[in-house]
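Chain and residue survey
Here is what each chain is made of, one letter per residue.
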Amino acid sequence: VYNSLPITEFNSSVTLAEKLPLELSYVGTLSAKVRGLEWLLEIVSRNQNLKLSIAGYGVDQVEVESLVKQLSATNISYYGKVSYQKSQELNRSADCIVTLLDPDFENYRHATSTKVFEAFAFGKPVITSEHTASGKLEFEKKWGFVIPFSKESLEACLLEIIANKPTLLIVTGE
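So, here's what we can say about the structure.

Cut-off values and rules
Residues numbered from 1 in each chain as written. Predicted model: local features only at pLDDT ≥ 70, side-chain atom pairs only at ≥ 80, totals over all residues. Heavy atoms only, no water. Helix = DSSP H or I, 4+ residues; strand = E, 2+ residues; numbered from the N terminus. Pairing = 2+ DSSP bridges. Axes fitted to C-alpha atoms, helices over the stretch in contact; angles between N-to-C directions. Contact = heavy atoms within 4.5 Å.

1. Some points on unusual backbone geometry
Located in the positive-phi region is Ser72, a residue other than glycine, with phi close to 40 degrees. A positive phi angle is found at His131, which is not glycine, with a value near 65 degrees. Inspection of the secondary structure puts His131 in the loop between strand S5 (126-129) and helix H7 (133-141).

Dropping the structure here:
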C-alpha cells in the first residue's frame, strides 16, 4: 500500500524509554501555526531534558528554518526535507512523536494523522490535540497524550513526561 508501513514494522505495545533527555520527533508538514511548531521549538530550546529532531517541508519551511537558527539550541536538529526512509529512522529513534493539530481546521477534526499509526507501529507514544480525529483515536486506544491545542498544554505535558520518567508507561494499544 502506498505511503504505509510494512506489516513487519508493527509493534503492539507503546512505552517510553527510561532515559533523559526525552527525544522527540516531528516529521511532516511545516505549517508552524496549525501544527504548534513554534511552541514546540521554543519549549525544547529552553529545556535540556528535551531533544527534538524536526524534518519536513511546507508553507512555513522558511519560517521554521529561521526560528531554528534564531534559537540556536544544541538540542534541536533540523533536517529539512528528507526521504521516507529517513523520516522512519527519525521516528523510530525518538522516544515520543509529536503531531499537534489545530482543531479549528475542519480537516483535522475528521482525518487522522498518519503519524499516529506510524508511532504506534514503532511502539512510540504520540502527543496530539484533543477535538481532532487523531486525539479521539489516541484517547480510545490509549496510545499517547491528548492535550488541548496550546503552548501551555504542550509544555505542561512535556514537563509531566520528564518528571514521571522512567516510571511512566503508556497503556498498550488494543
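2. Observations concerning the sheet that holds strand S2 (residues 50-57)
Across the sheet, which stays open at both edges, the 6 strands sit in the order S3-S2-S1-S4-S5-S6 with parallel pairing between neighbours. The open sheet has two free edges, formed respectively by strand S3 (76-80) and strand S6 (144-147), since each of these has just one partner strand. On average, each strand axis in the sheet is inclined to that of its neighbour by 20 degrees, with strand direction left out of account. Where strand S1 (residues 22-29) lies against S2, 8 bridges are found, and the strand directions are parallel. Residue pairing for S2: Glu23 is matched across the bridge by Lys51. Against the sheet, helix H2 (residues 37-45) engages S1, S2, S3 and strand S4 (96-99), with an angle of about 150 degrees to S2. Those strands touched by helix H8 (residues 151-164) are S1, S2, S5 and S6, and its axis lies near 150 degrees from that of S6.

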